[in-house]
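These are the residues of each chain, in order.
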Amino acid sequence: MPAMGTDDPETKQTLEAVHRFNEAFNRHDVDGVMEAMTDDCVFENTCPPPDGERFEGAVAVRAFWKRFFTSSPNSRFAAEEIFAAGNRCVVLWRYDWVGEDGVPGHIRGVDLFRVSNGKVSEKRAYVKG
């Protein structure tokens, strides 16, 4: 997966923070995800349509990730493309899972990140369809 925009120190720090977040996410590591996020973080989920649910602060965001990872133990996140400028980062991704019925599924989407002091302070998720 190519990452663009690594010449600027702030952009490089942003890319590193998002990579740390994504690696912990793929491990389903709630502690690792939260270590990659600020205490005043904001997460906007893709559901329910049309605007998704908004979670503010580490306590609310942690509770969401815990429920999410527990409900989808066979899931896998794959970043298809990442690019950043300054403290902003965009990740185009594919999310695969296997349902309780054994049937696989996937969605594709985009995350918009904001990074503050080397940690994710905002993650807004959008899906196709």
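Below, the structure is looked at part by part.

Thresholds applied
Residues numbered from 1 in each chain as written. Predicted model: local features only at pLDDT ≥ 70, side-chain atom pairs only at ≥ 80, totals over all residues. Heavy atoms only, no water. Salt bridge = Lys/Arg side-chain N within 4 Å of Asp/Glu carboxyl O. Helix = DSSP H or I, 4+ residues; strand = E, 2+ residues; numbered from the N terminus. Buried < 20%, exposed > 50% of the residue type's maximum accessible area, 1.4 Å probe, protein only. Contact = heavy atoms within 4.5 Å.

To continue, consider the pattern of salt bridges. In this structure the tally under the stated criterion is eleven salt bridges. Across the pair R62 and D31 runs a salt bridge whose closest N-O atoms are separated by 2.8 Å. Here R62, found in helix α3 (residues 58-71), pairs with D31, found in helix α2 (residues 30-35); they are 31 residues apart in sequence, far enough to count as distant. In this structure R62 comes out as partly exposed when scored by relative accessible area, which is 34%. Among the salt bridges present, the one from E56 reaches R54, with a minimum N-O distance of 2.9 Å. Classification of R54 by relative accessible area gives partly exposed; the value is 40%.

Here we come to the environment of Q13. Looking at the element boundaries, Q13 is found in helix α1 (residues 9-26). Relative accessible area serves as the criterion here: at 37%, Q13 is assigned to the partly exposed category. For the pair Q13 and A63, spaced 50 residues apart in sequence, the C-alpha separation works out to 27 Å. Filtering out sequence-adjacent residues up to four positions away, Q13 remains in contact with N117 and G118.

Positionally, L15 belongs in helix α1. Assessed through its relative accessible area of 4%, L15 is described here as buried. Distance from L15 to G118, taken between C-alpha atoms, is 9.2 Å for residues 103 residues apart in sequence.

Any link to function would need more than the numbers given here.
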